Amino acid sequence: MPEVERKPKITASRKLLLKSLMLAKAKECWEQEHEEREAEKARYLAERIPTLQTRGLSLSALQDLCRELHAKVEVVDEERYDIEAMSGMEGRKKMFDAAKSPTTQ
């Protein structure tokens, strides 16, 4: 029995068109998601961080404000460092435990 040549159900040009339409839709969705994320971030920051009122402050008041802000930044940096150090230790501990335990095969 001679082998029958099968025709593809969809042409190559149609497949390419559908692929480009899918990519365009994915890009559109990604951009919309990105915009929504940025808007949510701006809303969150506006809600959590009060606007800085520096108008009308004397030099000593501005210096006090700067000291206060530097102290807050220092606290946040210490917390970030501690979190990074702990997550790094956890990762190294897991790698050490995995290397130490014999693998069963």
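Cut-offs used in this document
- Residues numbered from 1 in each chain as written.
- Predicted model: local features only at pLDDT ≥ 70, side-chain atom pairs only at ≥ 80, totals over all residues.
- Heavy atoms only, no water.
- UniProt positions renumbered as here; feature names shortened; annotations may be inferred.
- Patch = residues over 30% accessible without salt bridge, like charges linked within 9 Å, V, L, I, M, F, W, Y side chains within 5 Å.
- Areas by Shrake-Rupley, 256 points an atom, 1.4 Å probe, with all protein chains shown as cover.
- Salt bridge = Lys/Arg side-chain N within 4 Å of Asp/Glu carboxyl O.
- Lys, Arg positive; Asp, Glu negative; His and termini not counted.
- Charge placed at Lys NZ, Arg CZ, Asp CG, Glu CD.
- Helix = DSSP H or I, 4+ residues; strand = E, 2+ residues; numbered from the N terminus.
- Buried < 20%, exposed > 50% of the residue type's maximum accessible area, 1.4 Å probe, protein only.

- The name an unreviewed UniProt entry gives the protein chain is Troponin I1, slow skeletal type, with Equus caballus as the organism.
- For the record of the protein chain, the UniProt heading Function (unreviewed entry) holds the text "Troponin I is the inhibitory subunit of troponin, the thin filament regulatory complex which confers calcium-sensitivity to striated muscle actomyosin ATPase activity."

### Notes on a negative patch on the surface
Next, step 1: A cluster of acidic residues, Glu74, Glu78, Glu79 and Asp82, forms a negative patch at the surface.
Next, step 2: For Glu74, the location among the structural elements is in helix H2 (residues 59-100).

### What about the pattern of salt bridges?
Any two side chains of opposite charge can pair, so long as their charged atoms come close to each other.
Next, step 1: Applying the stated criterion across every chain yields a total of 8 salt bridges.
Next, step 2: A salt bridge links Glu28 to Lys25; the shortest N-O distance between them is 3.7 Å. In this pair, Glu28 and Lys25 both sit in helix H1 (residues 12-48), 3 residues apart, roughly one turn of the helix.
Next, step 3: Look at Lys25 and you get partly exposed, because its relative accessible area is 47%.
Next, step 4: Between Arg37 and Glu33 there is a salt bridge whose closest N-O contact spans 3.1 Å. Taken together, the residues span about one helical turn, with Arg37 and Glu33 both in helix H1 at a distance of 4 residues.
Next, step 5: Under the relative-accessibility criterion, Glu33 is labelled partly exposed at 45%.
Next, step 6: Each of Glu40, Arg43 and Glu47 takes part in a single network of salt bridges with overlapping partners.

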